[in-house]
Amino acid sequence: MHIYKVGGAVRDRLLGRPVSDIDWLVVGATVEEMQAQGFRPVGADFPVFIHPKTGEEYALARTERKSGRGYGGFTFHASPEVTLEEDLIRRDLTINAMAEDDQGNLHDPYRGKADLDKRILRHVSPAFAEDPLRVLRVARFAARYAPLGFHVADETLELMRQISTSGELQALTAERSWKEIERALMEAQPQVFIEVLRDCGALQQLMPELDPSPQALAPLQQAAGHRQPLHVRWACLLQGVRDTSQLKAVNHRFKAPRECQELALLVGECLPLAHRAMELEAAALLELLQKFDVYRRPQRFEDFIAACEMEALARQAESYPQAAYLRGAASAARGVDVKPLVAQGLTGQALGEALKAERLQALTRYKG
Ligand code: CTP
């Protein structure tokens, strides 16, 4: 049996990037041999094992064919006869189809190293088309490696275009797609992810609601530059979609986490109010703060302010004084003490109304 380091670990080491997890490939072994050595199988019909000590993944060399059944719609043919080259050819990109043996020798039958040096994301073979998720993966890698000067090869973009127009992206589950979207949004240049999806026609299939123009993508770029968390980036991506039913449709299509869904909807609805914060009457300010429930959920309001700020900065605003103003308003309203009202014997609706009236006064004073 021969064991190779494969995939992302080889690629990222050659790029001088930190390697987070290592995938191993085992050539010339049977399931029984692996188990005899203490490897634990990951699942019943998936030829991947966990190393008993390191916890790293070891996959048996395999060829795979699309079947529409089983794990992600694939059937596997794993056997000791499958060669390294046969395993590598079914992989997505040449830069992901390199292997390293225990002597540190590079095995690179599909010239991944040359593409790495030329900064090209190129598919290995027509087998690329067997998993439509790869359209999103390539766009994600383009976003990740854009700062290094990578771009998608013309022929790969063409293949991605064929996959997109064939309607196959519709077969992807929300979970698999979201995982890619989430990871892409957290990259340094997430707007490149959307641009690549746009250029191959996938965006039209996945998120037709989105305007992929440079202006519309600029808030997301700002959010990445300011290292904002995922939900702020998601809200920034969708800030141009002002129609609530469209926003809901995108949120649901990918089963985005609750925090992402909520912030995107709030930004869609309230961003213009934040921009006009200083001109709002005390009553309108209060309504905004109540809507956000800033008393119990202060962080959600902070995230909203951050998304609005990213949108303003993306339109060349030099600063966003509304942010400090809104924070000040929130703390003025929060400063109202409920205890004296309770001491007066107020309860229920009457207490709520008295609290609201006090907060209104506090905001009127705040506006000065
Ligand atoms: N792979 C593939 N097609 C997929 C998923 C994975 O060809 N749809 C192959 C690639 O060779 C990839 C390897 O499996 O390098 C490991 O996949 P994964 O761990 O998902 O990605 P990495 O390449 O390690 O990249 P990342 O840094 O994003 O984890």
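Whatever comes next refers back to the structure up there.
Residues numbered from 1 in each chain as written. Predicted model: local features only at pLDDT ≥ 70, side-chain atom pairs only at ≥ 80, totals over all residues. Heavy atoms only, no water.

Caption draft 1: Focus on the overall build of the protein chain. A tally of regular secondary structure across the protein chain gives 18 helices and eleven strands. Relative to its length of 368 residues, the protein chain is extended, with a C-alpha radius of gyration of 26 Å against a globular reference of 21 Å. Summarising its shape, the C-alpha atoms of the protein chain cover approximately 85 × 45 × 35 Å along the three principal directions. If you take every contact in the protein chain between residues at least 6 apart in sequence, the share linking residues at least 24 apart comes to 65%. As displayed, the protein chain offers around 17800 Å² of accessible surface, 49% of which is attributable to carbon and sulfur atoms. Side chains of the protein chain carry 46 positive and 50 negative charges; the gap between the two charge centres is 4 Å. (Helix = DSSP H or I, 4+ residues; strand = E, 2+ residues; numbered from the N terminus. Rg over C-alpha atoms; globule rule 2.2 N^0.38 Å. Contact = heavy atoms within 4.5 Å. Areas by Shrake-Rupley, 256 points an atom, 1.4 Å probe, with all protein chains shown as cover. Lys, Arg positive; Asp, Glu negative; His and termini not counted. Charge placed at Lys NZ, Arg CZ, Asp CG, Glu CD.)

Caption draft 2: Expanded view of helix 12 (residues 244-253). The set of residues buried in helix 12 consists of Leu-247, Val-250 and Asn-251. Seen from one end, helix 12 has its buried residues packed into an arc of 100°, which puts them on one side. Opposite its buried face, helix 12 presents the exposed residues Ser-245 and His-252, each directed more than 90 degrees away. The inward-facing, buried residues of helix 12 contact helix 11 (230-237) and helix 13 (258-275). (Buried < 20%, exposed > 50% of the residue type's maximum accessible area, 1.4 Å probe, protein only. Arc of directions from axis to C-beta.)

Caption draft 3: Region of interest: the packing of aromatic side chains. In the structure shown here, the tally under the stated rule is nine aromatic pairs. Seen in terms of ring centroids, Tyr-325 and Tyr-366 are 5.2 Å apart; in terms of plane orientation they differ by 45°. Their pairing is tilted. Here the residue Tyr-325 occupies a position in helix 16 (residues 321-334), and Tyr-366 occupies one in helix 18 (residues 348-367), the gap between them amounting to 41 residues. With relative accessibility at 16%, the residue Tyr-325 sits in the buried group. Residue class for Tyr-366 comes out partly exposed when judged on its relative accessible area of 29%. An aromatic cluster is defined as three or more aromatic residues linked by ring pairs; in this entry it consists of Trp-24, Phe-39 and Tyr-58. Positioned above the aromatic ring of Phe-141, the side-chain terminus of Arg-140 is 4.9 Å from the ring centre. Residue placement shows Arg-359 over the ring face of Tyr-295; its charged tip is 3.5 Å from the ring centre. (Phe/Tyr/Trp six-rings, centres within 6.5 Å; stacked < 30°, edge-to-face > 60°. Lys NZ or Arg CZ within 6 Å of the ring centre and 35° of its normal.)

Caption draft 4: The packing of helix 7 (residues 174-185) against helix 11, seen in detail. Two numbers describe how helix 7 lies on helix 11: the axes approach to 10 Å, and their chain directions differ by 95°. Taken together, helix 7 and helix 11 sit at an angle that is classed as roughly perpendicular. Facing Trp-178, Ile-181, Glu-182 and Leu-185 of helix 7, the residues of helix 11 in contact are Leu-230, Arg-233, Trp-234 and Leu-237. (Axes fitted to C-alpha atoms, helices over the stretch in contact; angles between N-to-C directions. Parallel < 35°, antiparallel > 145°, perpendicular 65-115°, else oblique.)

Caption draft 5: Local environment of the site of the ligand. Taken together, 14 residues lie around the ligand, and Arg-11, Asp-92, Arg-140, Arg-144 and Arg-183 are the ones closest in. Arg-91 places a polar side-chain atom, nitrogen or oxygen, 3.2 Å from an oxygen atom of the ligand. Between the ligand and the protein, one listed contact pairs an oxygen atom with a backbone N or O atom of Asp-92 at 2.8 Å. Taking 560 Å² as the accessible area of the ligand by itself, protein coverage stands at 80%. Among the elements that make up the shell around the ligand, the one with the highest residue count is helix 5 (residues 133-145) (five residues). Its residues assigned to classes, the shell around the ligand comprises one nonpolar, three polar and ten charged. (Near = heavy atom within 4 Å. Polar contact = N/O pair within 3.5 Å; in protein donor to acceptor, adjacent residues only side chain to side chain. Nonpolar A, V, L, I, M, F, W, Y, C, P; charged D, E, K, R; others polar.)

Caption draft 6: Fine view of the pattern of salt bridges. All chains considered together, the criterion is met by 22 salt bridges. Because the salt bridges share partners, they merge into one network encompassing Arg-11, Asp-12 and Arg-17. (Salt bridge = Lys/Arg side-chain N within 4 Å of Asp/Glu carboxyl O.)

Caption draft 7: Looking closely at unusual backbone geometry. For Arg-111, which is not glycine, the phi torsion reads 55° and is therefore positive. Positionally, Arg-111 belongs in the loop between strand 9 (106-107) and helix 4 (112-118). Judged by relative accessible area, which is 59%, Arg-111 ranks as exposed. Despite not being glycine, Asp-293 has its phi angle at roughly 50°, a positive value. Locating Asp-293 in the fold gives a position in the loop between helix 14 (282-292) and helix 15 (298-314). Relative accessible area serves as the criterion here: at 18%, Asp-293 is assigned to the buried category.

Caption draft 8: Molecular detail of the nonpolar core. Counting 53 residues, the largest nonpolar core has Met-160, Ile-181, Phe-193, Met-207, Trp-234 and Leu-237 as its most contacted members. Take this core: its biggest share by element is nine residues, from helix 5. Beyond its immediate stretch of four places on either side in the chain, Ile-181 contacts Leu-136, Phe-193, Met-207, Trp-234 and Phe-254. Counting residues in each nonpolar core, the second largest holds 36 residues, with Leu-288, Ile-305, Met-310 and Leu-313 among its members. (Core = buried A, V, L, I, M, F, W, Y, C linked by side-chain atoms within 4.5 Å.)

Caption draft 9: Just the packing of helix 5 against helix 8 (residues 190-199), in detail. Relative to each other, helix 5 and helix 8 sit at 140°, their axes nearing to 7 Å. Judged by the angle between their axes, helix 5 and helix 8 are oblique. As for the relative orientation of helix 5 and helix 8, their crossing is right-handed in sense. Touching Val-135, Leu-136, Ala-139, Arg-140, Ala-142 and Ala-143 of helix 5 are Pro-190, Val-192, Phe-193, Val-196 and Leu-197, all from helix 8. The residue inventory of the contact of helix 5 with helix 8, partitioned by class, reads ten nonpolar, no polar and one charged. (Left-handed = near helix turned anticlockwise from the far one by under 90°.)

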